[in-house]
Amino acid sequence: MQPRLKAGLWVRAQIAICQSNLITAMVAHKGNEDAGAVLVKLNRFDAGCFVYSRVTTLDGELGWMLVAGGPDGGRETEFVCDEYWRKQIGYDPDVWVLEIEDHKGQYELDAPVVDF
């Protein structure tokens, strides 16, 4: 099992990485500083909008799971993504939502996308 950064620190680090690469990133919802779950809303505009949830794999490794959105661009897909994360904070107000607007497709998640 990998050591993990606290949720708030990880989110702030991702914002700093994005800013250094001229990618817009912001906290859409602030969760529990230490142990909140993390969702990343990655808006690639014409290339689609996606929501990823940080997960732990069966091997104890960090991964990301696609939970909403898809490769179809447009406001409808972004609406589906926004609806998803808003619903999640209704269940768990401690969840962090990091929103990234990446026109050029430069941002990469820090762990692989996994399927369960």
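Residues numbered from 1 in each chain as written. Predicted model: local features only at pLDDT ≥ 70, side-chain atom pairs only at ≥ 80, totals over all residues. Heavy atoms only, no water.

- As annotated in an unreviewed UniProt entry, the protein carries the name DUF1491 family protein and comes from Thalassospira indica.

With respect to the sheet that holds strand S2 (residues 38–43)
- Strand order in this open sheet of 5 strands is S1-S5-S2-S3-S4, and the pairing throughout is mixed. In the strand order of this sheet, the two ends are held by strand S1 (24–29) and strand S4 (62–70), each with one partner. Neighbour-to-neighbour, the strand axes of the sheet open up by a mean angle of 25°, direction not taken into account.
- Inspection of the sheet shows S1 paired to strand S5 (residues 96–101) by 5 bridges, in the antiparallel sense. (Pairing = 2+ DSSP bridges. Helix = DSSP H or I, 4+ residues; strand = E, 2+ residues; numbered from the N terminus. Axes fitted to C-alpha atoms, helices over the stretch in contact; angles between N-to-C directions.)

Considering the packing of aromatic side chains
- Tallied over the full model, the rule gives 2 aromatic pairs.
- For the ring pair Trp10 and Trp64, a centre distance of 5.5 Å and an interplane angle of 40° mean the geometry is tilted. Remark: Trp64 occurs in strand S4 and Trp10 occurs in helix H1 (residues 7–20); sequence separation between them is 54 residues. A single burial state applies to Trp10 and to Trp64, both of which are buried.
- Ring geometry for Phe50 versus Tyr52: centroids 6.1 Å apart, planes at 25°, classification stacked.
- Its relative accessible area of 11% is what places Phe50 among the buried residues.
- Sitting above the plane of the Trp10 ring, Arg54 keeps its charged end 5.4 Å from the centroid. (Phe/Tyr/Trp six-rings, centres within 6.5 Å; stacked < 30°, edge-to-face > 60°. Buried < 20%, exposed > 50% of the residue type's maximum accessible area, 1.4 Å probe, protein only. Lys NZ or Arg CZ within 6 Å of the ring centre and 35° of its normal.)

Considerations on H1
- Its 14 residues give H1 an end-to-end C-alpha distance of 20 Å, which sits within 8% of 20 Å, the value for a rise of 1.5 Å per residue.
- Listed as buried for H1 are Ala7, Gly8, Trp10, Val11, Gln14, Ile15 and Cys18. The buried residues of H1 occupy an angular sector of 165° when projected down its axis, which confines them to one face. Relative to its buried face, H1 has exposed residues pointing more than 90 degrees away, namely Gln19 and Ser20.
- Lining the buried residues of H1 we find S1, S2, strand S3 (49–56), S4 and S5.
- Directly after H1, the chain includes Leu22, whose backbone phi takes a positive value near 60°. (Expected span 1.5 Å × (residues − 1). Arc of directions from axis to C-beta. Contact = heavy atoms within 4.5 Å.)

Notes on the environment of Arg44
- Position of Arg44 among the secondary structure elements: in the loop between S2 and S3.
- When the C-alpha positions of Arg44 and Gly73 are compared, they lie 7.8 Å apart, and in sequence the two are 29 residues distant.
- When near neighbours in sequence (up to four residues on either side) are disregarded, Arg44 contacts Asp102, Gly105 and Tyr107.
- In terms of polar contacts, Arg44 uses its side chain to reach the backbone carbonyl oxygen of Tyr107, at 2.4 Å. (Polar contact = N/O pair within 3.5 Å; in protein donor to acceptor, adjacent residues only side chain to side chain.)

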